[in-house]
Amino acid sequence: MVKILAYGAALVLIGVVVFTAANPLTDKVLQSAAEAAIELGADTAPSAQPAWSAALRSQPAFAVSQLDLPGKLESTEVLRNSDGGRKDVIRFAAPGEPPAAEIEVYRLGDEVRHAPPAAADLAARMDPGGIATIQPAGLVETKFGTAALFDLAGSRVRQPGCLGFIKTIESAGLRLSGWTCQGDTLVQKSAAAACLLDRLVLLSAGNDAAVAETFARAELRRTRCDGIHAQPIASADWITDGGAPGLRGRLGAN
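Since this is a predicted model, take the numbers as computed values, not measurements.

Visitor: Please provide a residue-by-residue account of the pattern of salt bridges, values included.
Guide: Within the structure shown, the criterion is met by 9 salt bridges. For aspartate 88, the salt bridge is made with arginine 86, and the minimal N-O distance between the two is 2.7 Å. For the pair formed by aspartate 88 and arginine 86, the shared burial category is buried. Between lysine 143 and glutamate 219 there is a salt bridge; the shortest N-O distance is 2.4 Å. Note that lysine 143 is positioned in the loop between strand 6 (133-142) and strand 7 (145-153) and glutamate 219 in helix 5 (residues 209-221), a separation of 76 residues in sequence. Residue lysine 143 is classed as buried on the basis of its relative accessible area of 1%. Residue classification places glutamate 219 among the partly exposed positions, given a relative accessible area of 31%. If you follow the salt bridges from partner to partner, you end up with Glu77, Arg91, Glu102, Glu104, Asp121 and Arg125 in one network.

Below is the structure:
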């Protein structure tokens with residue numbers, strides 16, 4: 001009796017194995033269950049980087065005054081992030097052409113913890129194709145203080161004469177970045193970048209007292225800017241300036 005029962009159980013087991021291997025519905029059920037588990041995990045996983053969206057009803061908070069770019073039209077775009085960030089992007093471009101100059105005022109929010117480095121973000125904006133490399137190109141003095149300059153190499157979208165800049169103001173939670181394609185020499189390009197930053201003005205700070213104070217103090221340091229023919233304001237030291245060394249003292253001032 002025991003042998004008969006064992007023989008019967010073996011036959012049942014063999015039948016189950018054969019049915020499972022031969023039935024195509026079994027594989028589909030298992031595959032559907034696996035896909036459902038993957039989708040459920042993807043839906044419950046936290047988002048790595050919240051998306052930016054156009055704030056169509058938001059009024060521009062910044063502008064660039066009296067920038068000499070013949071044939072270029074100025075446009076402003078306001079972007080907001082669900083984690084509190086805001087970007088005011090001011091561009092100067094001829095119709096149908098890439099921007100010849102751009103400055104972005106980024107009010108940092110919690111999303112900055114998951115954002116790419118500032119230099120990588122600037123490279124992606126200067127070269128949307130993503131094939132260019134960015135490298136430091138010295139420093140320049142502006143009304144906001146010393147800004148870092150970056151050169152773009154290997155771009156197929158823009159001419160290699162464009163020069164980028166980044167200035168972070170931690171006390172106000174601001175990051176100023178962008179580029180300009182004015183000038184032929186590094187000194188002229190640096191002066192054009194400084195002029196773009198120096199001509200940035202505040203239209204409305206809202207309830208942000210730190211931003212209002214930053215721009216008020218910066219205006220006290222602003223000097224005359226004559227485009228690409230101007231010398232960088234309070235020229236940086238010749239070691240980091242990347243151009244001809246500047247003289248200091250009375251001789252340099254005269």
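Visitor: Describe in detail the layout of surface pockets, supporting the description with residues and values.
Guide: Taken as a whole, the second largest pocket spans an internal volume of roughly 150 Å³. Around the second largest pocket, the lining residues are Gln59, Pro60, Ala61, Arg80, Gly84, Arg86, Arg107, Leu108, Ser204, Ala205 and Gly206. Considered class by class, the residues forming the lining of the second largest pocket number 4 nonpolar, 4 polar and 3 charged.

Visitor: Can you tell me about the state of the cysteines, naming the residues and giving the values?
Guide: A full pass over the atoms with the stated rule returns 1 disulfide. Here cysteine 162 connects covalently by a disulfide to cysteine 181, the sulfurs 2.0 Å from one another. Taking the sign of the torsion about the S-S bond as the criterion, the disulfide between cysteine 162 and cysteine 181, at about 90 degrees, is right-handed. Of this pair, cysteine 162 sits in the loop between strand 7 and strand 8 (163-169) while cysteine 181 sits in the loop between strand 9 (174-180) and helix 4 (186-198), and the two are 19 residues apart along the sequence. One exposure class covers both cysteine 162 and cysteine 181, and it is buried.

Visitor: Residues and numbers for unusual backbone geometry, please.
Guide: Excluding glycine, residues mostly have negative phi values, and the peptide bonds linking residues are mostly trans. Notably, glutamine 66 is not glycine yet its phi reads approximately 55 degrees, a positive angle. Considering the arrangement of structural elements, one finds glutamine 66 in the loop between strand 2 (62-64) and strand 3 (73-81). Under the relative-accessibility criterion, glutamine 66 is labelled exposed at 69%.

Visitor: Help me get a handle on the sheet that holds strand 9, residues and values and all.
Guide: One open sheet accounts for 8 strands, arranged 1-3-4-5-9-8-7-6; its pairing is antiparallel. Every other strand in the sheet has two partners, leaving strand 1 (52-54) and strand 6 as the edge strands with one partner each. Recorded for the sheet is a direction-independent mean angle of 20 degrees between the axes of neighbouring strands. Relative to strand 9, strand 8 is paired through 7 bridges, and the arrangement is antiparallel. Along strand 9, the bridge assignment pairs isoleucine 166 with serine 177. Its contacts with the sheet place helix 4 against strand 4 (86-93), strand 5 (101-107), strand 6, strand 7, strand 8 and strand 9, and it is angled at close to 65 degrees to strand 6.

About the thresholds
Residues numbered from 1 in each chain as written. Predicted model: local features only at pLDDT ≥ 70, side-chain atom pairs only at ≥ 80, totals over all residues. Heavy atoms only, no water. Salt bridge = Lys/Arg side-chain N within 4 Å of Asp/Glu carboxyl O. Buried < 20%, exposed > 50% of the residue type's maximum accessible area, 1.4 Å probe, protein only. Helix = DSSP H or I, 4+ residues; strand = E, 2+ residues; numbered from the N terminus. 1 Å grid on protein atoms, 1.4 Å probe; cavity = no way out; pocket = protein on both sides within 12 Å on 5 of 7 lines; lining within 4 Å. Points joined across faces, edges and corners; volume = space filled by probe spheres on them. Nonpolar A, V, L, I, M, F, W, Y, C, P; charged D, E, K, R; others polar. Disulfide = S-S within 2.5 Å. Pairing = 2+ DSSP bridges. Axes fitted to C-alpha atoms, helices over the stretch in contact; angles between N-to-C directions. Contact = heavy atoms within 4.5 Å.

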